[in-house]
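Understanding the architecture of this molecule
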Amino acid sequence: MKNNIYAKRWGKSVQNNYGVPEITLIKGRGLVVQDVEGKIYLDFLGGIATNILGHAHPSIVAAVSKQVETLNHVSNYYAHPNAVLLAEKLVSLTKTKKAKVFFCQSGAEANEAAIKLSRKSGRSHIVAAQGSFHGRTMGALSLTGQPSKREPFLPLLKNVKHVPFGDIEAMRRSITKKTAMVIIEPIMGEAGVIVPPIDYLQGIRELCDKYGALLVIDAVQTGMGRTGDWFGYEYSGITPDVITLAKGLGGGLPLGAMIAIGDSADLFKPGEHGSTFGGNPITTAAALAVIKTIEKQSLLKKVRKQGQRLIQELALIPGVSQVRGSGLLIGIEMEEAHANEIARKLAEAGVLVNAANSNTIRIAPALIVTDAQVNKFINIFRKVLTNGG
Ligand SMILES: *Cc1c(COP(=O)(O)O)cnc(C)c1O
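No experiment lies behind these values; they were computed from the predicted model shown.

The rules behind the values
- Residues numbered from 1 in each chain as written.
- Predicted model: local features only at pLDDT ≥ 70, side-chain atom pairs only at ≥ 80, totals over all residues.
- Heavy atoms only, no water.
- Axes fitted to C-alpha atoms, helices over the stretch in contact; angles between N-to-C directions.
- Helix = DSSP H or I, 4+ residues; strand = E, 2+ residues; numbered from the N terminus.
- Parallel < 35°, antiparallel > 145°, perpendicular 65-115°, else oblique.
- Left-handed = near helix turned anticlockwise from the far one by under 90°.
- Contact = heavy atoms within 4.5 Å.
- Nonpolar A, V, L, I, M, F, W, Y, C, P; charged D, E, K, R; others polar.
- Pairing = 2+ DSSP bridges.
- Near = heavy atom within 4 Å.
- Polar contact = N/O pair within 3.5 Å; in protein donor to acceptor, adjacent residues only side chain to side chain.
- Areas by Shrake-Rupley, 256 points an atom, 1.4 Å probe, with all protein chains shown as cover.

Below, the discussion takes up the packing of helix α12 (residues 339-348) against helix α13 (residues 371-387). Taken N-terminus to C-terminus, the directions of α12 and α13 make an angle of 125°; their axes are 10 Å apart at the nearest point. By the angle between their axes, α12 is oblique relative to α13. You can see that α12 and α13 cross each other, and the crossing is right-handed. On α13, the residues touching Ile342, Lys345 and Leu346 of α12 are Ile380, Phe381, Val384 and Leu385. Residues of the contact of α12 with α13, tallied by class, amount to six nonpolar, no polar and one charged.

Moving on to the sheet that holds strand β8 (residues 214-218). In space, the seven strands of this open sheet follow the order β4-β10-β9-β8-β7-β5-β6, with mixed pairing throughout. The two strands at the open ends of the sheet, each matched to only one other strand, are β4 (99-104) and β6 (160-163). Mean inter-strand twist for the sheet, computed between neighbouring axes without regard to direction, equals 20°. Both strand β5 (residues 125-129) and strand β7 (residues 179-184) contribute to a ladder of three bridges, which runs parallel. Bridge assignment links histidine 125 to a residue of β7, and that residue is threonine 179.

Residues in contact with the ligand, as listed here, are Ser106, Gly107, Ala108, Asn111, Phe133, His134, Gly135, Glu185, Asp218, Val220, Gln221 and Lys247. For the ligand, an oxygen atom lies 2.8 Å from a polar atom in the backbone of alanine 108. In this structure, an oxygen atom belonging to the ligand sits 2.7 Å away from a side-chain N or O atom of glutamine 221. Surface burial for the ligand is 82%, taken as the share of its 390 Å² of free accessible area covered by protein chains. Top element by residues in the shell around the ligand is helix α5 (residues 107-119). It accounts for three residues. Here the shell around the ligand is built from residues that sort into three nonpolar, six polar and three charged.

Here we take up unusual backbone geometry. Of the consecutive residues leucine 154 and proline 155, the connecting peptide bond is found in the cis state with omega at 0°. Summarising the element assignment, proline 155 is placed in the loop between α7 (147-150) and β6. In this model, alanine 56 sits at a positive phi of 50°, which is unusual for a non-glycine residue. Following the sequence through the fold, alanine 56 ends up in the loop between α2 (46-49) and α3 (58-68).

Moving on, we get to the sheet that holds strand β11 (residues 320-326). Here four strands make up an open sheet; going across it, the order is β11-β12-β15-β14 and the pairing antiparallel. Two strands close off the open sheet at either side, each with one partner strand: β11 and β14 (354-357). Between one strand axis and the next, the sheet turns by 30° as a mean value, whatever way the strands run. As judged from the three bridges shared by β14 and strand β15 (residues 360-363), these two strands associate in the antiparallel manner. Note that in β15 the partner of alanine 355 across the bridge is isoleucine 361. Along the sheet face, helix α11 (residues 299-315) touches β11, β12 (329-334) and β15 and points at about 170° away from the line of β11.

As structure tokens, this is what we get:
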């Protein structure tokens, strides 16, 4: 079998940091992907919240094709219209008077940029959440609140404190006048789609204001419309000092961004940070197409509607104990700790998801998911959970 052949070759030549994937995908359109043996899947993982418009979306194909045959890379010694247009667009989506964008390629790099930005305050202490995920590079890993990911790589950055997620009193005890930044995900994605109390972000904002710490919202997973808002914190009414983005931003192309808002927009001076590929004409062309399509097709409204339907209907399935999330970032918690087995059975039944932890299936389908695809997912999920597929 061809899937097995690629798995074997992967195992010999690709680092074993992920484990060996069982399925080799070769093409896709919308939410439908095909593996190397010709088997078709409904993609409800979306490259982990990354293929925000699905696979091979015509608007991205057109924008990237046009750019790749015009000009591929300019370096940061020269400007390119795409980077400027995208920065202006992202600033306008923050609905603030003043903000400035730094472009990079990934979520980890966006958070690294936020760490360095916060050092410009002269402070170095950081508060983050237990269970959080902020990336794997040494700085971002220092923020990540998961001991199993951190421990093989100690020592990490000093003075990073991890507090229980959703517990504002723990934040109150930890944020001081030494705190450079607090970093928080609006919804903890990798941890299993954990939603905090409704007034949590507001409470953190007040503490950051009181002590002069930067509030960094890690919107790498919740961003680009996934929750039905552009970044995922908007429901709280707060304005963060920094927003970090990646995953969905480039619609499948590698693009990350750190948006610094208000006074923090001017903290970096020339020469203090950089990235060779940051703001590359091709990846920024893709992101402009993503935002234009989301706006033109009023996808944010659709995301909310589809999300509500998924959350309501999945919660009724026997064996499901809780469905959490917002918009199209959803964690389906099951009574039994068999998420890995269920994910494998779903793949056999032609649906791609992932097991965020032993009890939780995470779904993050493209924002263009149709009613029929939502129905199909719910039916197959019910079948797999009730009779094992
Ligand atoms: C995926 C993720 C990251 C890391 O992004 P990479 O592109 O893998 O570096 C950071 N923060 C959150 C919330 C994420 O979901």
